[in-house]
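The chain contents come next:
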Amino acid sequence: MKVEVASGARPQLTFFFPAFNEEENVESTVGRALTEIGPLVESLEVLIVDDGSTDRTPELADALAAADQRVRVVHQPNRGYGGAIKAGFEHAAGDLIGFSDGDLQFDLAEMSGLLERLGATNRPVDAVIGYRKRRRDPFQRIVIAKTYNAIVSLLFGLRVRDIDCAMKLFRREVFIGLPLDSEGPFLSAELLIKLRARGVRMAQLGVTHYPRVAGTNTGASIGKILRTLRDIGRLRWALWFDRRRVLGPRPSPGAAEGA
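Note that the coordinates shown come from a computational prediction; the quantities given were computed from them, not determined experimentally. (Residues numbered from 1 in each chain as written. Predicted model: local features only at pLDDT ≥ 70, side-chain atom pairs only at ≥ 80, totals over all residues. Heavy atoms only, no water.)

Caption draft 1: Fine view of the sheet that holds strand β1 (residues 13-19). Strand order in the open sheet formed by seven strands is β3-β2-β1-β4-β6-β5-β7, with mixed pairing between adjacent strands. Edge positions in the sheet fall to β3 (71-76) and β7 (202-207), since each has one partner strand and no second. Ignoring strand direction, the axes of neighbouring strands in this sheet form an average angle of 20°. The strands touched by helix α6 (residues 187-197) within the sheet are β5 (127-132), β6 (167-171) and β7, with β6 carrying the most contacts at an inclination of about 35°. (Pairing = 2+ DSSP bridges. Helix = DSSP H or I, 4+ residues; strand = E, 2+ residues; numbered from the N terminus. Axes fitted to C-alpha atoms, helices over the stretch in contact; angles between N-to-C directions. Contact = heavy atoms within 4.5 Å.)

Caption draft 2: Structural view of unusual backbone geometry. One non-glycine residue, N21, lies in the positive phi region at around 55°. The topology assignment puts N21 in the loop between β1 and α1 (26-37).

Caption draft 3: Up close: the side chain of Q76. Mapped onto the elements of the fold, Q76 is located in strand β3. Overall, Q76 belongs to the buried group, its relative accessible area being 11%. Q76 has contacts with V49, D50, D51, G52, G83, A84 and A87, leaving out every residue within four places of it along the chain. (Buried < 20%, exposed > 50% of the residue type's maximum accessible area, 1.4 Å probe, protein only.)

Caption draft 4: Inspection of the nonpolar core at higher detail. By size, the foremost hydrophobic cluster in this structure holds 71 residues, and its most contacted members are F15, V46, I48, F89, V152, F170 and I193. Of the residues forming this core, the biggest block, six residues, is contributed by α6. For F15, the residues in contact, after removing those within four places along its chain, are A33, I37, L44, E45, V46, L47, G98, F99, S100, L108 and M111. (Core = buried A, V, L, I, M, F, W, Y, C linked by side-chain atoms within 4.5 Å.)

Caption draft 5: Spotlight on the packing of helix α5 (residues 139-156) against α6. For the pair α5 and α6, the least separation of the axes is 12 Å and the interaxial angle reads 30°. Judged on the interaxial angle alone, α6 and α5 are roughly parallel. Along this stretch, α5 crosses α6, giving a crossing that reads as right-handed. Where α5 abuts α6, its residues Y148, V152 and F156 lie against A189, I193 and R196. (Parallel < 35°, antiparallel > 145°, perpendicular 65-115°, else oblique. Left-handed = near helix turned anticlockwise from the far one by under 90°.)

Caption draft 6: Here's a closer look at helix α7 (residues 222-241). In this model α7 runs 29 Å from its N-terminal to its C-terminal C-alpha over 20 residues, within 8% of the 28 Å that 1.5 Å per residue would give. Looking at the buried residues of α7, the elements they touch are α5, α6 and α8 (243-247). (Expected span 1.5 Å × (residues − 1).)

Caption draft 7: Geometry of the pairing of β6. Among the five residues of β6, four are classified as buried, and the element is accordingly described as predominantly covered. As defined by bridge partners, strand β4 (residues 96-100) adjoins β6 across five bridges and the pair is classed as antiparallel. Bridging from a neighbouring strand, F99 pairs with K168 of β6. Note: β5 against β6, three bridges, orientation antiparallel. What sits directly across from A127, in β6, is F170.

Caption draft 8: Main features of the environment of P18. Inspection of the secondary structure assignment puts P18 in strand β1. Once you skip the residues sitting within four places of it in the chain, P18 turns out to touch V49, Y81, A84, I85, S100, D101 and G102.

Caption draft 9: Main features of the environment of G82. By secondary structure assignment, the location of G82 is in helix α3 (residues 80-91). Along the backbone, G82 and L187 are 105 residues apart, and their C-alpha atoms lie at a distance of 5.0 Å. If sequence neighbours within four positions are ignored, G82 has contacts with S182, E183, G184 and L187.

Following this line, the structure appears as structure tokens:
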């Protein structure tokens, strides 16, 4: 997986979020990122991944970037949630890379807990994975999520409480040479499965989750569920029979400095 770097000095942290038709939320999300995450780090980049929005999200995002040099926008044709998250990883310039969703269901101030855990020297880790202490979603989505977590845990031995929680923080170097294939909802699970298989040290931390108050939740359609099942099968097969290719080359010491 190619990790692009902006010219000049890297920010300490890139915080990004995918935005598909989030005209009601994009300004608030960027504002909260700047005011709530900005003071936590020496330097911050806020990256908006406009995933082929058809509402006013692209123009609002461009206006936010024009108004503050810490804000940057990536526009792309609609690739789905997984494709948007991959684009965030690929274009992030920071030494640390964190993300959340653009629907204001997470308290971005709680990124402080993830940063503190990542920086703890007594129990060093390379990634901090949030889990929703109380998930504030419709009952059907909660049932689907619990079933999905159980399936992934059984097939891959991944002991993560909340695979799809959109509060995660990583050291940049964990992505070097890492191939990510899914463009759909399975991307989060694929990422964690491969990082675990590579021996990346991860910690889990509880975060607050709020009901969505604006915009539209695209939900878990039959098509997305079928695509996720297909991606699960492909990765399980590849880890059995093509493990070296599917995990990619491990980065050499100091590789992150030149990535």
